[in-house]
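Observations on the model geometry
These are the residues of each chain, in order.
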Amino acid sequence: MRYLYGLALIFSIILWSSCRNDFETVSSTGNLTFSQDTIYLDTVFTNIGSSTRTLKVYNRSNDDITIPSIQLEQGESSNYRLNVDGIPGRIFENIDILAKDSIFVFIETTIDINDFPNPDNAFLYTDKILFDTGGNQQDVDLVTLVQDAVFLFPEQYADGTIETINLGTEADPVLIEGFYMEDDQLHFTNEKPYVIYGFAAVHPNKTLVVDAGARIHFHRNSGILVANQGSMKVNGAASSDPELLENQVIFEGDRLEPGFSDVPGQWGTIWLTAGSTNNEFSFTTIKNSIVGILMDSNDGDLTLTLKDVQIYNSSNIGLLARTGDVYGENVVINNSGLTSLSCSLGGKYNFVHSTFTNYWNNGFRLFPSVIIDNVLETEDETFTEDLIEANFTNCIIYGNESREVIFVENPDAAFNFNFSNSLIRFDDPNGEFSDDPNYDFNNPNLYFNIVRNQDPSFFNPNENDLNIESNVSGADGIGDINAASLVPLDANGVNRTNGSPDAGAYESVEFPD
């Protein structure tokens, strides 16, 4: 009997336990608090999903509570999507929060701009998250700017494969996801931004023209490719508003959230392949790529002209030119994972009033701001090409390492370079390079009127603001007036010919206290 009684007691305890609630709650009284009262999902392109935003909902009372309802004001028709404490949807009922505890609400959206009146190619889409009803109702606003765009992408075939471009030969193909643009796609205007998936390629003997004020965005591992005998003309112009940069042409990734505005490596490169010719970029910003511009060997013509071009936050290299023919003025390159400027495997290079720096702070950096060489070594072969000239006039070459220019010379090919009226960082306290004539800074045939290791006093190089300070900068007043007359306006549009010009892309200014 005692055995049966014990079993009955245990059974009744189990039965009682299984029927009880884990905790008793009371209804919410409208006293919730929130981590934010408005959630901005930033700007999104039409039909591209936003990033996920997080809202934290707090129950600061001493009671366990139940929120009778949580829902989007537009209900199931809303273009926002929620996830409340791990449950996806748009309408939720009887959500519990323990005393002095909280829950998470995750918000995201995908919006088709064609579903809404849109006279200006952009509109503000809003909704609310409603907590409870009636007199206890509280709400959090949701705001998203939706931007229309021109989308360019490779074809996806019926078997699921994606269109490719062959960079090799039929016998030895090298395939990348991409497509050749048709003639009616070879003019980028400023009417809508462009979003590119894969590599958008320019046919041989065709030219891609980009108007002032155009905005070009790239998805991950995407870019532009200019084929042999093709060209790219980027026709930016000076802007009156330094914040809006209304006439600047900007190439960047397709993540528009502020947290991605300076993240390196979001897209591939602008690839000017071997034989592409007469490529021109003016008043252009290229940011957050793997390689800003990749330029292969030229066919004897001027391959690339850069005027008032900025390249920032490249995860590898800002400008990589192999056996190129490049002219640049008011060029600014900064914050590159490897090097900002690589003049590789010989070629011809002339830069005037340009600033090449590297203040990379996303990890350890192995290479200087500028590398100049006439050789390329592979496992099987060594290639050399003449460095016909590499001239830097009224330039700044600096960074946060002690040596910011390095030469790699193979004696089997020509190696000609010259720096004049420039500020260079190269510190060799132990004389490691004293026997290398390329680093004889007293040789006027190589270095003329240069300044070494004097702080350029940049305003904020980590944020890519490379303006220099008056009467403090080592670049102040060291420029050659004859060279300045060739580029009379600095990168801010300031006349540099009224007195002694400064080295670099910017004339010095007084910094605010």
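1. Notes on the pairing of strand E11 (residues 138–147)
E11 sits mainly inside the fold: 7 of its 10 residues count as buried. Across 6 bridges, the pairing between strand E3 (residues 38–45) and E11 is parallel. Counted as the bridge partner of Tyr40 is Val143 from E11. Across 10 bridges, the pairing between strand E10 (residues 122–131) and E11 is antiparallel. Pairing of Phe131 across the sheet is with Gln138, part of E11. What sits between E10 and E11 in their antiparallel hairpin is a turn of 6 residues, with Asp132 showing a positive phi close to 75°.

2. What to know about the packing of aromatic side chains
Counted by the stated rule, this structure contains 25 aromatic pairs. Ring geometry for Tyr359 versus Phe458: centroids 6.0 Å apart, planes at 90°, classification edge-to-face. Taken together, the residues Tyr359 in the loop between strand E30 (355–358) and strand E31 (370–373) and Phe458 in strand E41 (residues 458–460) connect sequence positions 99 residues apart. Phe458 shares its class with Tyr359; the two are buried. Between Phe426 and Phe433 the ring centres are 5.3 Å apart and the planes differ by 80°, which places this aromatic pair in the edge-to-face class. Taking the relative accessible area as the measure of exposure, Phe426 reaches 0% and is therefore buried. Grouped by ring-pair contacts, the aromatic residues Phe351, Phe356, Phe392, Phe407, Phe415, Phe417, Phe419, Phe426, Phe433, Tyr439, Phe441 and Tyr447 constitute a single cluster. Over the ring of Tyr58 we find Arg60, and its NZ or CZ is 4.2 Å from the ring centre.

3. Focus on the side chain of Glu404
With respect to the element layout, Glu404 can be found in the loop between strand E35 (396–399) and strand E36 (405–408). Judged by its relative accessible area of 0%, Glu404 is buried. Here the side chain of Glu404 touches Arg365 through a polar contact of 2.8 Å, side chain to side chain. Here Ser369 takes part through its backbone nitrogen, which lies 2.7 Å from a polar atom of the side chain of Glu404.

Conventions and cut-offs
- Residue indices begin from 1 for each chain and proceed along its sequence in written order.
- Local features in a predicted model are, by the rule used here, given only for residues with pLDDT of at least 70; side-chain atom pairs are given and counted only at 80 or more, and totals for whole chains, interfaces and linings are based on all residues.
- Calculated side-chain values reflect all of the structure's heavy atoms, with hydrogen atoms and water omitted.
- Think of it in three bands: with a 1.4 Å probe and only protein chains considered, a residue is buried below 20% of the maximum accessible area for its type, exposed above 50%, and partly exposed in between.
- Strands here are runs of E lasting at least two residues and helices are runs of H or I lasting at least four, both read from the DSSP assignment and numbered beginning at the N terminus.
- Paired strands, in this sense, are two strands between which DSSP finds at least two bridges.
- Stacked, tilted and edge-to-face are the three classes assigned to paired rings of Phe, Tyr and Trp, where Trp is represented by its six-membered ring and a pair needs centres within 6.5 Å; plane angles under 30 degrees give stacked, over 60 edge-to-face, the rest tilted.
- When the NZ atom of lysine or the CZ atom of arginine is within 6 Å of a ring's centre and also within 35 degrees of its normal, the charge is said to sit over that ring.
- Any pair of N or O atoms that falls within 3.5 Å is considered a polar contact. Within protein, one atom must be able to donate a hydrogen and the other to accept it, and sequence-neighbouring residues count only if both atoms are side-chain atoms.

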